Amino acid sequence: MSDRLRPESAIDLADSAGILLEVLRDAPPLTHCITNAVVTGFTANVLLAVGAAPAMVDIVGEAGMFAGVASGLLINLGTPTPEQRAAALEAVAGATTSGTPWVLDPVAIGALPVRTGLAHELVDQRPTAVRGNASEILALAGLSAGGRGVDATDTTDAAADAAASLARRFGCVVAVSGPIDLITDGERALRLANGHELLTRVTGGGCALGAVMAAFLGAARATGTDALTAVAAASLVYTIAAEQAARRSSGPGSFAVALLDALAAVSAEDIVAAARVEGGTW
Amino acid sequence: MSDRLRPESAIDLADSAGILLEVLRDAPPLTHCITNAVVTGFTANVLLAVGAAPAMVDIVGEAGMFAGVASGLLINLGTPTPEQRAAALEAVAGATTSGTPWVLDPVAIGALPVRTGLAHELVDQRPTAVRGNASEILALAGLSAGGRGVDATDTTDAAADAAASLARRFGCVVAVSGPIDLITDGERALRLANGHELLTRVTGGGCALGAVMAAFLGAARATGTDALTAVAAASLVYTIAAEQAARRSSGPGSFAVALLDALAAVSAEDIVAAARVEGGTW
Amino acid sequence: MSDRLRPESAIDLADSAGILLEVLRDAPPLTHCITNAVVTGFTANVLLAVGAAPAMVDIVGEAGMFAGVASGLLINLGTPTPEQRAAALEAVAGATTSGTPWVLDPVAIGALPVRTGLAHELVDQRPTAVRGNASEILALAGLSAGGRGVDATDTTDAAADAAASLARRFGCVVAVSGPIDLITDGERALRLANGHELLTRVTGGGCALGAVMAAFLGAARATGTDALTAVAAASLVYTIAAEQAARRSSGPGSFAVALLDALAAVSAEDIVAAARVEGGTW
């Protein structure tokens, strides 16, 4: 990464995030999720809290048509049963036909063969965005055998080149989650420093962010905002709400509850005040 | 609806609800749920909190026999995998043979073909009660293509005739959830004004009510209470607990937690004091 | 049971539990869970809270290889879909080949034929530990038709002989959960009096303990601790955290939240101070 974003660009992003948040709340995007069995309830609650309209439609014969009418789609590969794998392919075909933006979350790919094969098949369909931890992004780029289950064993910096390469190859935005979130479209790159360690102590802390990205991509589509901004906006809103929640928590249980309360209450002004963004070009 | 319930009838309902709540807690009804993957945990926790004994038995080869020994059964079509669809049919057959009361919750039917077909097949088996939002009830009555995913796009009043028609045709109680809950057996109709908007910001806010109805129908069967009263009692207890929870919440996360606490603590006296019921005949 | 443990033995167990807890937090054991749809999220959150690394890998083609690299494995039969049943057998084969310790939780076996048959098939593969309520342990030993769904209808004492018999026959540790937890390897027996009634009002209160046992067995393997001590240590940590949580709760909802906070905060010193253990030989 060669240049810092000019300070005013970082301010622009925070402004855009606040505006998108208000757009989303005014017209809740129907957010279609095919996600893993561990986090379905929490993901739906995160979407409801921030102001979106979740719908978990993950069976064959319904997923395709529903992706066609949804505002945004998430495909998360955390517990990919045969039915979900077929539904995911059907949904992506429906989204592609209708232009519905969609997010791929390649959970724990690398060593696990079923989901790894499916992730490669899906990324070929050109998702709007890919979200993962550093190990998952390296594995999707073919540069690593992946992490240890759902835990990243690589750092965000180690995945920066892989992220940019994936973004260019598939024409998508790639978001690498970690202590610093990296978001790139292959030309520009943003680094977001907001967030809290407690997000890693709640199951679905990362998975639910993928769903929020799908919701923000839905809101962005309605306003003509670009995908890099939408994905970064989702990350900012989510991680700033997490910071607010951490201040009111005494452990991972109360943090998860406070995160939902914070997502419902966080304002555009909060985003502008708290955003810690740095960016540049490759 | 032509007549108001005489005031003493509304008081009777609140009294009956309080008595049924105590009956349920004294002898927890085994409540068999075949429900969607998003809300299974929350639904089980709601049943445990109010005092029932939940059991999520949703596989072929077990669902039928279990429905035969359960006190009440819920069939919720939120994420109907092929295994669950077969298990639902098996369970309904078992319930029918044994006289186990059962509730059908036709989540998001209308535009989605798999669940819509199954919902029509199941309602033909004459559930004890049907619970849905206005769009789902209209769709089940064949009068609408349904809502936008799980969200109602129609009002409770718009679904009142459809609800009464369904109730008469299938000999069941129909409950239309909304800001005002309408509950009818085709002859009598009750309107319950209790509840709180935060119920719509928690996933499973409606789905769990269907399970509570199945539990109350189980308790009612043991005491010879009619199904209309049991369904209305479940709604009253649930929505009054929601009002108590909302007073102790600062957002959707803390509301869901407080709802479980309130369901465990709400008393017969609370129900009588807080019930807002209106009724009449068609 | 003929003899009391000498007091110093009970102190030894509490000491060992505290040490294992610190070992686990220093090197989080990758804990592979194939568990039921009702409690997946809560189970993962319990594992994250206590300091372990959960991974819910429950599909055919991945479960076997993953069990081979995991530190511990849980097989819970709460909602055993055909895919999960095949994945469970695959995982147990992988665990057996690699020496990964594993826990069998035979949820609601007895009257329900599919899971009962699978539980008998799995116990023949010699799990490291079996956890269940008294009715489930009696049913697994072939001495009862099981409880009423997930509820025990038998007491821990009634299951003591069945537990010891199972332990000797399959060379495993058997843990019977109840107001008093009984843990035996067929020669020694421990009775733990910690815990709180609210654990029975939260879905997954028992299921998540099975996962914690798998995590502690993983930590124990790294330190050469025996399985009886590891299983008892998991129970002590979990039930003492539950006591701490109950003191900060006003019902089952806030208790579940406080339990996660307490699991993250409970210390080795807390365990030593609060443990209520009694033991002996058969």
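Structure report, in brief. (Residues numbered from 1 in each chain as written. Chains lettered and ligands numbered in written order. Predicted model: local features only at pLDDT ≥ 70, side-chain atom pairs only at ≥ 80, totals over all residues.)

Okay, the overall build of chain A next. Per the secondary structure count, chain A includes 11 helices and 9 strands. Overall, chain A is about 45 × 40 × 40 Å in size when its C-alpha atoms are taken along their principal axes. Long-range contacts, defined here as pairs at least 24 residues apart, represent 74% of the contacts in chain A between residues at least 6 apart. (Helix = DSSP H or I, 4+ residues; strand = E, 2+ residues; numbered from the N terminus. Contact = placed C-beta atoms within 7 Å.)

Time to look at the pairing of strand S6 (residues 173-177) of chain C. All names here are of chain C. With 5 of 5 residues buried, S6 lies mostly within the body of the structure. Bridge count between strand S5 (residues 129-133) and S6: 5 bridges; the pairing is parallel. Along S6, the bridge assignment pairs Val130 with Val174. For S6 and strand S7 (residues 181-184), the ladder comprises 3 bridges, and the chain directions are antiparallel. (Buried ≥ 20, exposed ≤ 12 C-beta atoms within 10 Å, placed from the backbone. Pairing = 2+ DSSP bridges.)

At the interface, 26 residues of chain B touch 26 residues of chain A. Residue assignment for the side of chain B that touches chain A shows that the elements contributing at least two residues are helix H2 (40-50), helix H5 (113-123) and helix H10 (252-265) of chain B. Looking at the side of chain B that touches chain A, the element that brings in the most residues is H10 of chain B, giving 4 residues. Within the side of chain B that touches chain A, the residues separate by chemical class into 14 nonpolar, 9 polar and 3 charged. (Nonpolar A, V, L, I, M, F, W, Y, C, P; charged D, E, K, R; others polar.)

Okay, the relation of the copies chain B and chain C next. Turning chain B through 120 degrees and shifting it by 0.0 Å along the axis lays it on chain C, with an RMSD of 0.0 Å. Overall, the copies show the geometry of a three-fold rotation axis. Taking C-alpha positions as the reference, the residue of chain B nearest the rotation axis is Ala37 of chain B, at 3.9 Å. When you check the interface residues of chain B against chain C, a mere 12% turn up at the interface there too, and the two sides of the contact use different surfaces. (Least-squares fit on C-alpha atoms with pLDDT ≥ 70 in both.)

For the rest of this paragraph, the subject is unusual backbone geometry. The backbone of Ala108 of chain A sits at a positive phi, close to 60 degrees, despite the residue not being glycine. Topologically, Ala108 of chain A is positioned in the loop between strand S4 (102-105) and helix H5 (113-123). Look at Ala108 of chain A and you get buried, because 29 C-beta atoms sit within 10 Å. Even without being glycine, Arg126 of chain C reaches a positive phi, approximately 60 degrees.

This part takes up the packing of helix H10 (residues 252-265) of chain A against helix H10 (residues 252-265) of chain C. Axis separation between H10 of chain A and H10 of chain C bottoms out at 6 Å; the angle between their running directions is 135 degrees. Of the possible angle classes, the one that applies to H10 of chain A and H10 of chain C is oblique. Facing H10 of chain A, whose interface residues are Pro252, Gly253, Ser254 and Val257 of chain A, H10 of chain C presents Val257, Ala258, Leu259, Leu260, Asp261 and Ala264 of chain C. In terms of residue class, the contact of H10 of chain A with H10 of chain C is built from 7 nonpolar, 2 polar and 1 charged. (Axes fitted to C-alpha atoms, helices over the stretch in contact; angles between N-to-C directions. Parallel < 35°, antiparallel > 145°, perpendicular 65-115°, else oblique.)

It is worth spelling out the interface of chain B and chain C at this point. In this complex, chain B contributes 26 residues to the contact, which on the side of chain C involves 26 residues. For the side of chain B that touches chain C, the element with the most residues is H10 of chain B, which contributes 7 residues. Grouping the constituent residues of the side of chain B that touches chain C by class yields 18 nonpolar, 4 polar and 4 charged.

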